[in-house]
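Here is what each chain is made of, one letter per residue.
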Amino acid sequence: MQTVSEPGQARSTVSLEAKSPFEMRIHLGENVAETDVKTALKTGDLGFLHSFTTGSAVDGPGLRLVAWTTSCMFRCQYCHNPDTWTLKNGIPVSLESAVAEVQKYAAGLKALRGGFTLSGGEPLMQDRFAARLFAAVKGMGVHTAIETNGFYGERLSDAELHDIDLVILDMKAFTPEQHARVTGGMRNDDVLEFCKRLAGLNRPMWLRYVLVPGLTDLPDEMQAVANFGASLGVVERAEILPFHQLGRFKWERLGLDYQLANTGAPSDGSIANAVAIFRAAGLNAY
Ligand code: SF4
């Protein structure tokens, strides 16, 4: 268990490790000066993290060490971690400290055929930190994965993308209208372009689609996402994630307008139908 106290930065007694990403964390980096934040984002010397969690079996192949970044440009209606939307809700962590944290687990992750996953929030809001961290972890011989919405994929060079063994793309929608509806008005042309670029580079991908009754359980939309994913030729796995209410308390405590307050989980039949659509398109779907 490590507590964070970066020289010259805000001191925090909050542990960098969390039991799960659902732990509410806010204002942890609010004492970091704006100029330091700008420098951090430009250089990647410093990152803002919600936490590290260990032992995840759902964030890539094998057992994963996951670092959860803060900051996101999307405002998904179904987001279960809205406390990660704001950069300064994260704990400021030097790149050196983050690398050392991964190094502690490197031997075990390799032995268990697991790896390290950078998630969020949206990790590429801190693209320099992400790129440098991936390069260091890759150098340890540990499998690397990113969970991203893909919007800022252009921020990574081809060489930097080769430091990432697996891109887990959270595909919100295929049509621009539905994408805007789900994400609070954000466009998705850059997301689709990033996917095509990954395909051109032959980089392995997993595709994720969150199934929300009344919002994303649209047959035509799912069909379009599935067809697009299959056309890429690099999607090894497609995961249908059933909507849940684990993040509801965060929306309420943050005073946010939670439009899905009365939405339940999708039925087994609805999940099976979604999986069938993705499989029919030729994807290895679960
Ligand atoms: S992209 Fe992810 S972190 Fe960002 S709002 Fe959507 S679900 Fe939340």
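Our structure's up above, just so we're on the same page.
Colleague: Honestly, the pattern of salt bridges in this entry has me stumped. Any pointers?
Modeller: Should their charged atoms come close, side chains of opposite charge can pair. Inspection of every chain in the model, using the stated rule, returns 17 salt bridges. Linking Arg 237 and Glu 239 is a salt bridge whose minimum nitrogen-to-oxygen distance equals 2.8 Å. Of the residues examined, Glu 239 reaches a relative accessible area of 10% and is grouped as buried. Residues joined by salt bridges that share partners form a network here, namely Asp 127, Arg 128, Arg 155 and Glu 160.

Colleague: I keep staring at the environment of Glu 221 and nothing clicks. Help me out?
Modeller: Within the secondary structure, Glu 221 sits in helix H7 (residues 219-232). Separated by 42 residues in the primary sequence, Glu 221 and His 179 have C-alpha atoms spaced 9.9 Å apart. A polar atom in the side chain of Glu 221 sits 2.5 Å from the backbone nitrogen of Phe 174.

Colleague: Before we go on, may I ask you to explain the side chain of Gln 178 in this structure?
Modeller: Along the chain, Gln 178 falls in helix H5 (residues 176-183). Residue classification places Gln 178 among the buried residues on the basis of a relative accessible area of 6%. Within polar-contact distance, the side chain of Gln 178 engages the backbone oxygen of Leu 215 at 2.7 Å.

Colleague: What am I meant to see in the state of the cysteines here?
Modeller: Two cysteines whose sulfur atoms are joined by a covalent bond form what is called a disulfide. All chains considered together, the criterion is met by zero disulfides. Free of any disulfide, Cys 195 has its nearest neighbouring cysteine sulfur in Cys 76, separated by 15 Å.

Conventions we followed
- Residues numbered from 1 in each chain as written.
- Predicted model: local features only at pLDDT ≥ 70, side-chain atom pairs only at ≥ 80, totals over all residues.
- Heavy atoms only, no water.
- Salt bridge = Lys/Arg side-chain N within 4 Å of Asp/Glu carboxyl O.
- Buried < 20%, exposed > 50% of the residue type's maximum accessible area, 1.4 Å probe, protein only.
- Helix = DSSP H or I, 4+ residues; strand = E, 2+ residues; numbered from the N terminus.
- Polar contact = N/O pair within 3.5 Å; in protein donor to acceptor, adjacent residues only side chain to side chain.
- Disulfide = S-S within 2.5 Å.

Function-wise, these values are silent; they only describe arrangement.
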